[in-house]
Structure formats: structure tokens, C-alpha cells
Amino acid sequence: MNAIEDLHLEKEILPLFDYTLHMFSKNAVLRILNAPLASQQDILSQQDIYRGFSANHSVLEGYSYTVSYLLEVHYFLNDAKISDFSNQKLRYKFLKSRKEKALFQSKLVQVVLLFDRLQSRYFSRLDLNAFPEFYRKKITEITVFLSHFNLGHLAARVREYKIKDHDILTLASTILDLKSKGAVKTFWEGLFLFEAHLSIHTGMQKNGFTFPTFSEKGIDLADFYHPLLQDPVTNVFRTKRNVVLVNGPNMSGKSTFLKAVGLCMYLAHLGIGIPAKHGEIPFLTHFSIAINRRDDLLNGYSHFMMEILNLKKVVSQASNGSNCLAIFDELFSGTNVEDAFEICKTTINGLCQFRNSIFFISTHIQKLQEIENPDVETYHIDCDLIDDVPTFTYKLRKGWSEIRVGRILFEKEGLNDMLN
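The rules behind each value
Residues numbered from 1 in each chain as written. Predicted model: local features only at pLDDT ≥ 70, side-chain atom pairs only at ≥ 80, totals over all residues. Heavy atoms only, no water. Helix = DSSP H or I, 4+ residues; strand = E, 2+ residues; numbered from the N terminus. Rg over C-alpha atoms; globule rule 2.2 N^0.38 Å. Buried < 20%, exposed > 50% of the residue type's maximum accessible area, 1.4 Å probe, protein only. Contact = heavy atoms within 4.5 Å. Phe/Tyr/Trp six-rings, centres within 6.5 Å; stacked < 30°, edge-to-face > 60°. Core = buried A, V, L, I, M, F, W, Y, C linked by side-chain atoms within 4.5 Å. Polar contact = N/O pair within 3.5 Å; in protein donor to acceptor, adjacent residues only side chain to side chain. Pairing = 2+ DSSP bridges. Axes fitted to C-alpha atoms, helices over the stretch in contact; angles between N-to-C directions. Parallel < 35°, antiparallel > 145°, perpendicular 65-115°, else oblique. Left-handed = near helix turned anticlockwise from the far one by under 90°. Nonpolar A, V, L, I, M, F, W, Y, C, P; charged D, E, K, R; others polar.

Counting its regular elements, the chain contains 16 helices and 10 strands. Taken against the 2.2 N^0.38 rule, which gives 22 Å for 420 residues, the C-alpha radius of gyration of the chain at 29 Å runs more than 25% over that of a compact globule. C-alpha atoms of the chain, sized along the principal axes, occupy 100 × 50 × 40 Å. Relative to its full complement of 420 residues, the chain shows a buried share of 48%. Of the contacts formed within the chain by residues at least 6 apart in sequence, a portion of 74% connects residues at least 24 apart.

Structure (C-alpha cells):
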């Protein structure tokens, strides 16, 4: 099971892609964001779906309808009791009160107007050949469902105030028939998934995200960034190693770098574009992203124990053949420095054996420079000292940072003099 809570999908990532009109489609977007795809082919097929939406952008750019109509139609078709008057016209004509007939007719008119808008403005104008074949069939299911309602004829009658009892009875019969076959439920599922894909496509377009490619050569991310930052600093990151150490002073941007890398890797496995100019990554099957973790007070676990258990889950997954992406922010910061150094060294050297997985570890333990392992690569987030004031560039550099920001700030605030 993936451990992706620290990506904060619903709170932080969903808003990047949520251009939906209501909760039904919004929930469908969230389901997509929570479901990494099982194979490279599935990912490439999902990318092709979004390319299909891009090719139909001029048709779908103003996709909209009256949301209250949809909510009422959804309730009416799913939950309201619709009587079958197909063989009981007299019963409908004489036994229903004027008020009941007017209400029943207004609901069916809403069905006609909503479905006619969907069909005439959008679905009938789509270039279906722009979509992959399997998704083309899903869109066709929607259009076939709409075709049962003779919408052009009925919509014209509604607008001319010429709708008759016969039209109402025919509509009711059609709806009941479709409900009995499960077609109404299938239609809503297909429509809301369509709208979710449209919403994600819109988010990718507005944010300028690009589709990555997949390769076993390592990671190559050009001009990538975290999309929640205003005026973000972009970075270039390339590595063929499977263990990457990230160091640097507090506030330099280590956690933001890890979040940006994790988000790029994760979105790529949803078939969604990533916040980068170019991306080439390996295919992965398991994700564990632990950034800014806190104690699990509910279960009584200390921060250190949480780190131990999280690492154990990752190692178990990798040992069982999963291609893992695991991100550990300040690994083993919950124990003393001596213990942390020893078990970090063991962890780093041990993780190198899992060649098909990738591990990012941020750390403040400078002594880890002693590790001599060709499978480990080290980076730091750059920081300049200008008039003894640390100035963060947020730029990624190879190697270890030698700047001791803590000492500098301690001295700058006069604490040495105050305490001595």
C-alpha cells in the first residue's frame, strides 16, 4: 500500500486540477489522484486520453451547464419514483392532479434541456478519433445513452411550449427502461469520469505541465519546481544512482526539493503532466513519501519509532520486488546523533542493493560524508553568505554544504555575548 499522505493530495494537489462544476466530478478527480497506474502502458494510455481532450479544446473550452439542473436531474433519475404510464395513459391524464402533472413534466423538461445541451454543444461535436480506442468507446456509451431521448425533437417542443402528454409518457417509459438495464448508473459514472478528465486536462494546461517519458536510465528532470510556490525557483536534477542524499542548512529548501521530486514522480504515474520542462523517469510500483513527519500521538509511537516502522515497510516492499520510490526527510532525526549516524550509514549502504528502487534521504549529519559508496550521490541546496547573513538561492548543487547557518544566526542575534 502506498504511503502518500505527505503529498497532501486533497488539500494541496487537488486544487491544481479541480475545474469541476460539482462534487460528483470533483470526487472523480480525487479518485484518479489516489490511484497510481499499474503499468507503463496504462500510463501512456492515460496520457493519450488527455491528448484527446487537448485536441478537442475548442469544443470543450466553455464546457458548462446549470448545476442546479444537473443536481435535480441526477436525483430525479436516481432516486425519485417514476411511475410507468406507458399502458395507462388515461390514468396519467385523469388521476394525476394538475399540480402533480406540472411537477412531473417540469422534471422531465429539465432532463431534456440538460441532455440536449450536453449532446448538441459538446458530445456531438467531439472528434472521437483524437482519443484512444478504449476511451472512445466510453464516450460512445454516453452518446448512445443520450440518443435514446430524441433530444432534438423534444428540446424544440419544450422551447416552443408544445410538449404533449404523449411526449411525457414516452420519456417516462424510456427512463424506466434505461434504469432497469442499469444504463442510468453507467451514464452518470461515464459522464463524471469524462468531466474529471476534462478538469485535469484544464489544470495541466493552465499550469503548463508536461508529460514525462519513461526510461530505466535514471531520473532526468529539467526546470522542475513545486507548483504551489509563487515565483518558484526551478532546478535541474539528473542521476543514475538509486540512493540520493540531500543536505544543507535549515530553511534552505531541502523539504521543498523533496516534495517537488516526489510530486513529479507521483503525478507521472497517474498519466498526468508534471511541473517540469522535461522529465524522464523510471517506472515505479510503490510510493512512500515521508516529509515533515510528526509523532503519531494517537497510536503512541514516537517520531523515531515511526521512522523505523516506515523504513521497515519500504525495505519489505523492495525486498519483495517492488520498484519503490521512498523519500525520507531528515531520517532518524528523532534519536541521538551517534545512533543516527550509525543506523543512517547502515540504511544508506543497505538500500543501494535494491537497484530497481530509488531512495531520497535528507540529512543534517555531516559525518555521513565518510560514506564511500559509488551507488550514493549527494546534493545540497545552495546558500550564500552576504555580510554574514545567509541568503538562500534554493538552487540544487552536487556535494555537501559546509555552511553552518545555526552558528551564524546564534552569533548574529548576540546570544554568545548574552550567554557568556
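Inspection of the entire model under this criterion finds 28 aromatic pairs. Between the aromatic rings of Phe123 and Phe194, the centroid separation amounts to 4.8 Å while the plane-to-plane angle is 45°, which identifies the pairing as tilted. Of the two residues, Phe123 is situated in the loop between helix H7 (98-122) and helix H8 (133-147) and Phe194 in helix H11 (residues 183-207); the sequence distance between them amounts to 71 residues. Per residue, the accessibility class of Phe123 equals that of Phe194, and both read buried.

With that settled, the discussion passes to the nonpolar core. In terms of nonpolar packing, the biggest core is built from 53 residues, with Phe17, Phe224, Phe237, Phe257 and Phe360 touching the most fellow members. Here this core takes 10 residues from helix H12 (residues 254-268), the largest share from any one element. Those residues in contact with Phe360 that lie beyond four places of it in its chain are Ile219, Phe237, Val244, Phe257, Leu258, Val261, Leu325, Ala326, Ile327 and Phe328. If you look at the next biggest cluster of nonpolar residues, it comprises 45 residues, including Tyr63, Tyr122, Ile139 and Phe145.

What follows covers the side chain of Asp375. Among the structural elements, Asp375 can be located in the loop between strand S8 (358-362) and strand S9 (376-386). Within polar-contact distance, the side chain of Asp375 engages the side chain of Arg355 at 2.8 Å.

Here the focus is the sheet that holds strand S3 (residues 235-239). With mixed pairing, the four strands of this open sheet are ordered in space as S1-S5-S2-S3. Every other strand in the sheet has two partners, leaving strand S1 (213-214) and S3 as the edge strands with one partner each. With three bridges joining them, strand S2 (residues 219-224) and strand S5 (residues 278-281) adopt antiparallel strand pairing. Its bridge partner lying in S5, Ala222 is registered against His278. The sheet contacts of H12 involve S1, S2, S3 and S5, and relative to S2 the element is tilted by about 115°.

Now for the packing of H7 against helix H10 (residues 165-180). Where H7 contacts H10, the two axes come as close as 10 Å, and the packing angle between them is 65°. Judged by the inter-axis angle, H7 sits roughly perpendicular to H10. In terms of crossing hand, the pair formed by H7 and H10 is left-handed. Seen from H7, the contacting residues are Lys101, Phe104, Gln105, Leu108 and Val112; seen from H10, they are Asp165, Ile168, Leu171, Ala172 and Ile175. Residues of the contact of H7 with H10, tallied by class, amount to seven nonpolar, one polar and two charged.

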